[in-house]
Every structure is written in structure tokens, then in C-alpha cells.
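Observations on the model geometry
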Amino acid sequence: MKEKESTSPSRRNFIKGSLAAIATVSIVPRHVLGKGFLPPSDTLTKAIVGVGSMGRGHIPYAGTKVVALCDVDKKHLQTAVGMVEKGVKTFSDYRELIQLPEVDIVHVATPPHWHGIIAADAARAGKDVWCEKPMTRTIGEGKRLVEAVQQHGRVFRLNTWFRFEDNFYGMKTTVKPIKKLVQSGLLGWPLKVTVSRHTGFDWKFYWVGKTNNEPQQVPAELDYDMWLGPAPYKPYSAHRVHQTFRGYWDYDGGGLGDMGQHYIDPIQYFLGKDDTSPVSVEIDAPQQHTEAVGTWRRITYTYADGCQIVLDGEAKDDKVAYIEGPKGKLYPNFQSDIPDLQKKLAAFPDPEPQVTDFVDAVKNRKKFALNEENGHRSCTIVNMGLIALRLGRSLKFDPDKQEFIDDEGANRLIDQPMRGPWTM
């Protein structure tokens with residue numbers, strides 16, 4: 001939403017008459033009515049940047065109407081146009097789209113190397129933002145995105161929802177009862193959370209890059225230079241773009257980049273760590289290629305109070321608990337070694353309610369449950385692991401300064417160079 005100048009009585013009368021004539025046949029963007037007013041349709045207007053499969057999947061979101069689309073691939077754009085009402089504006093450059101006064105929300109559904117720049121630019125243009133995960137490709141981009149959202153008073157949503165709804169993968173429950181169990185103290189403290197195939201979390205190790213890509217002709221429909229954007233220039237290869245881009249450090253971080261925030265963000269929430277980060281990350285992995293993401297065996301994060309998150313890539317222990325504490329364990333399907341757990345748990349209060357309706361959050365200027373602050377913290381955990389993997393060593397981290405301790409090489413990867421003219 002953009003704040004608008006006050007209107008004169010004659011202009012207000014004109015608007016009132018115009019809206020009466022068209023309210024029954026169209027959705028009126030809020031900017032027409034001025035600050036603080038909702039259109040008769042009560043529907044927010046939305047633009048989507050990046051209309052590959054993920055972006056197209058979010059076209060029919062309740063309470064919003066798509067009014068603009070953007071993609072650097074003409075085929076993607078053509079497909080998306082066929083899924084929306086006539087009259088939707090189309091762009092190949094998001095910088096034109098975010099200046100549209102009729103747009104309330106910008107949905108960023110590009111590859112991750114674009115997330116930070118586009119989301120921050122949208123916030124500076126006065127738009128509320130819905131951003132895909134991982135929130136940003138680097139820790140530094142995340143810090144600057146937080147600043148942009150807050151300086152411009154925008155509502156931000158990160159698109160991973162497991163901290164507040166839906167069954168949490170192999171746990172076969174929402175996160176709410178897990179949060180209740182953790183805060184009850186029945187498991188004790190500190191806790192170790194193991195994210196493994198045996199606890200229901202697939203690390204998707206098929207997202208690996210190729211080390212022998214041959215240069216290919218850029219398809220006529222693709223603006224490859226714009227697709228690369230801030231990423232280093234590399235000769236075009238079909239495997240580096242679209243569905244398989246996750247296998248390359250320039251754009252994402254393999255299975256950890258793809259699924260890490262889905263898996264880790266709810267852990268941050270139920271451990272009560274939304275305002276901090278681990279103090280160390282230890283890795284057990286083969287040496288990574290400089291360009292192509294590989295696999296890993298184990299990544300262990302430790303917090304200052306001794307809590308741990310273990311990412312188990314090998315899944316050797318088929319009897320591992322999802323959460324282990326000094327007083328008990330929790331397994332998939334909410335099974336536990338604590339006798340009469342459900343009966344004991346009933347005596348404890350439920351977790352505090354969360355703001356989980358993004359449309360309502362935008363209309364009433366509420367902070368969404370998964371926002372720029374806690375989203376940055378859970379994304380930082382992902383990026384800590386990716387940096388450790390790329391360097392091939394374990395690292396110490398200062399959660400307050402958000403930088404690595406006594407490791408210049410790791411700190412250089414917090415803010416990575418962007419190809420001109422792109423900056424944040």
C-alpha cells in the first residue's frame with residue numbers, strides 16, 4: 001500500500017460517484033480510496049514476480065486478486081497469463097511492476113539469489129511483501145531486508161507455514177502440540193532436535209549441481225542476463241536455471257537451501273529461539289565443489305544454552321527421537337517414552353495465539369506470525385550451514401553481532417559481491 005495525499009471535497013465526491021458506478025463489476029484497489037479505507041470488494045491486489053511453477057501455484061490465493069505478473073521467461077509469463085483474468089499487466093523487469101500504484105502486495109517467487117533485492121525494493125516502493133523461502137541467499141541480504149521492511153512500515157510474510165498450520169512432515173501433527181510440550185518442561189532442558197529421514201524429513205539430495213556443464217545457446221524466450229541478475233556471470237546451461245538451479249551456490253544451496261527453512265523455522269519457534277541464533281555449526285561432509293552443491297553427512301548447530309539442532313543426512317539411526325531431553329523423548333506421530341503424556345500435557349496452557357491470516361495482517365497492519373525478523377533468524381541457520389559446507393570447516397558465531405568469530409573467510413560470505421548494477 002502507498003500512503004496517499006489528502007483529497008479535496010470535489011475529488012472525494014468524484015471518487016464516491018465513480019466507485020458507486022463500478023463497485024459491482026470490478027475490484028477497486030485500496031489506493032483509489034485513500035489511506036485507511038478498504039474497497040467495496042474487500043480484496044487486496046497482488047503482483048507476482050517469478051511465475052514458474054511456484055509463482056503460478058499462488059495465483060488463486062483467497063482474498064487477493066492478481067493485477068500484475070513479471071517473469072524473464074516469456075513462456076512462463078504466457079502460461080501464467082492464461083491462468084488469470086484479462087487485463088492483467090505483464091512485465092519482464094520487476095522494477096516497473098513495483099511502481100504500479102494499484103498493487104498492494106508483491107509476491108516474490110523467483111530463485112533465492114533474487115529474493116532479497118526484489119523484496120527490499122518492493123518494501124521501499126511501499127508494498128507489502130510475501131516472499132518464498134529461503135528468505136535470502138546470504139545473511140547480509142537478510143539483515144538489509146529486515147531494515148527495509150521495518151524502515152518503510154511494511155507487512156512481510158515468509159512462505160513457510162509449518163510453525164502455525166498443516167501437518168509437520170513425518171511428525172504427523174501440527175507444531176502447536178510440540179510447542180506446548182517443549183514449553184511445559186516435561187522433556188527437560190536443554191533439548192536436541194534431530195532432523196532426519198527417520199523423523200520424517202527428506203533432505204532432497206537430488207538437488208546437486210553438475211561440474212561438467214557445457215555452454216549452450218540461450219533460449220529465445222529467456223532474458224538470461226536478467227535471470228542471473230546479481231549472480232556472477234556464467235555461460236548458459238539449461239541445468240543451471242529453472243527447475244535445477246538449486247544445485248548451484250550462485251543461486252541456492254541444494255537440499256538444505258530448498259528445505260532447510262521449512263524444517264528449521266518451526267524448531268526455532270518451539271525452542272523459543274526466534275530472537276537469537278546458534279553459537280556454533282559443526283559439519284561432517286565431503287569437500288564441496290566451488291560451483292556445484294554436493295551432499296553432506298551431518299550438520300550440528302549448538303545454542304548458548306546447550307540446545308542442539310542436528311541435521312542428519314545419512315540417517316543411520318532408524319530409532320532416533322525427533323526431540324530428546326534429559327526427562328524424555330518425542331518420536332514421530334507424537335509418540336513418547338513419557339507415560340500418559342497426553343494426560344500430563346492437558347494440564348499445561350496452550351501456546352500464545354499467532355497472527356496467521358496474511359490478508360488480515362495487511363489490512364490491519366499486524367505483524368505476521370512468520371515475518372522479517374524471525375524469518376531472518378531461521379534463514380540465518382540455513383546460511384550458517386551453507387557457509388560451513390562451502391568452506392569445509394566448523395564455525396563459531398556471534399548471535400548478537402550476526403557474524404562469525406575469528407574467521408575472516410566465513411565473514412566474507414556473509415555479504416557476497418553482487419554483479420553490477422545490482423545492490424541492496
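Residues numbered from 1 in each chain as written. Predicted model: local features only at pLDDT ≥ 70, side-chain atom pairs only at ≥ 80, totals over all residues. Heavy atoms only, no water.

In this structure, Tyr-94, Leu-97, Phe-156 and Trp-227 are the most contacted members of the largest nonpolar core, which totals 58 residues. Here this core spans two domains, and each of domain 1 (45-158) and domain 2 (175-353 + 367-414) adds at least three residues to it. Judged by nonpolar contacts, the second largest core, of 54 residues, contains Val-195, Cys-307, Leu-330 and Ile-381. (Core = buried A, V, L, I, M, F, W, Y, C linked by side-chain atoms within 4.5 Å. Buried < 20%, exposed > 50% of the residue type's maximum accessible area, 1.4 Å probe, protein only. Domains from an automatic or database assignment.)

All right, on to the sheet that holds strand S15 (residues 403-404) then. Note: strands within a sheet are paired through backbone hydrogen bonds, in either parallel or antiparallel orientation. With respect to topology, 9 strands assemble into an open sheet ordered S13-S12-S11-S7-S10-S9-S8-S14-S15, the strand pairing being mixed. At either margin of the open sheet sits one strand with a lone partner, and together these are strand S13 (335-336) and S15. (Pairing = 2+ DSSP bridges. Helix = DSSP H or I, 4+ residues; strand = E, 2+ residues; numbered from the N terminus.)

A word on the domain arrangement of the protein chain. In many reports, interface size means the accessible area that the parts give up when they come together. Here the protein chain is described as being made up of domain 1 (45-158) and domain 2 (175-353 + 367-414). Taking the mean C-alpha position of each, domain 1 and domain 2 sit 24 Å from one another. Both sides together, the interface formed by domain 1 and domain 2 hides about 3,000 Å², and carbon and sulfur atoms give 62% of it. The three residues of domain 1 that bury the most area against domain 2 are Val-72, Lys-133 and Ile-139, which together make up 23% of that side's buried surface. Remark: the boundary between domain 1 and domain 2 carries 2 salt bridges. At the junction of domain 1 and domain 2, the tally comes to 18 residue pairs in polar contact (both at pLDDT 80 or more). (Buried area = accessible area lost by both parts, 1.4 Å probe. Salt bridge = Lys/Arg side-chain N within 4 Å of Asp/Glu carboxyl O. Polar contact = N/O pair within 3.5 Å; in protein donor to acceptor, adjacent residues only side chain to side chain.)

Before going further, it helps to spend a moment on helix H8 (residues 175-184). Along H8, 7 of the 10 residues are buried, which leaves the element largely enclosed by surrounding structure. Burial in H8 covers these residues: Val-175, Ile-178, Lys-179, Lys-180, Leu-181, Val-182 and Ser-184. Buried positions along H8 lie against helix H10 (254-271), strand S11 (323-325), strand S12 (328-331) and helix H11 (341-345). Looking at the residues trailing H8, positive phi occurs at Gly-185, about 85°. (Contact = heavy atoms within 4.5 Å.)

Here the UniProt-annotated "domain: Gfo/Idh/MocA-like oxidoreductase bacterial type C-terminal" (unreviewed entry) positions come out as residues 171-423. With 28% helix and 13% strand, residues 171-423 has end C-alpha atoms that lie 41 Å from one another. (UniProt positions renumbered as here; feature names shortened; annotations may be inferred.)

To continue, consider the packing of H8 against H10. Contact geometry of H8 with H10 gives a least axis separation of 8 Å together with a crossing angle of 35°. As H8 runs across H10, the sense of the crossing is right-handed. In contact with Val-175, Ile-178, Lys-179 and Val-182 of H8, H10 contributes Pro-266, Tyr-269 and Phe-270. (Axes fitted to C-alpha atoms, helices over the stretch in contact; angles between N-to-C directions. Left-handed = near helix turned anticlockwise from the far one by under 90°.)

With that out of the way, let us pick up the pairing of strand S1 (residues 44-49). Burial within S1 is extensive, with 6 of its 6 residues counted as buried. By the alternation rule, side chains of S1 split into Leu-44, Lys-46 and Ile-48 and Thr-45, Ala-47 and Val-49, which are all buried. Sheet topology note: the S1/strand S2 (residues 64-70) ladder contains 6 bridges and is parallel. Considered in S2, the bridge of Lys-46 is made with Val-66. One ladder, built from 4 bridges, connects S1 with strand S4 (residues 105-108); its direction is parallel. For Ile-48, the partnering residue across the bridge sits in S4 and is His-107.

Turning our eyes to something else, we now look at H10. Between its first and last C-alpha, H10 extends 26 Å over 18 residues, near the 26 Å set by a 1.5 Å rise per residue. Most pronounced at Gly-260, the bend in H10 amounts to some 55°. Counting buried positions along H10 gives 18 out of 18 residues, so the element sits mostly inside the fold. Among the residues trailing H10, Gly-272 stands out with phi positive, at a value near 75°. (Expected span 1.5 Å × (residues − 1). Bend = angle between axes of the 7 residues up to and from the residue.)

Let us now look at the UniProt feature "domain: Gfo/Idh/MocA-like oxidoreductase N-terminal" (unreviewed entry) in the protein chain. When the UniProt feature table is mapped to this numbering, "domain: Gfo/Idh/MocA-like oxidoreductase N-terminal" (unreviewed entry) covers residues 47-158. The span residues 47-158 is 36% helical and 21% strand by assignment, and the distance between its end C-alpha atoms comes to 16 Å.

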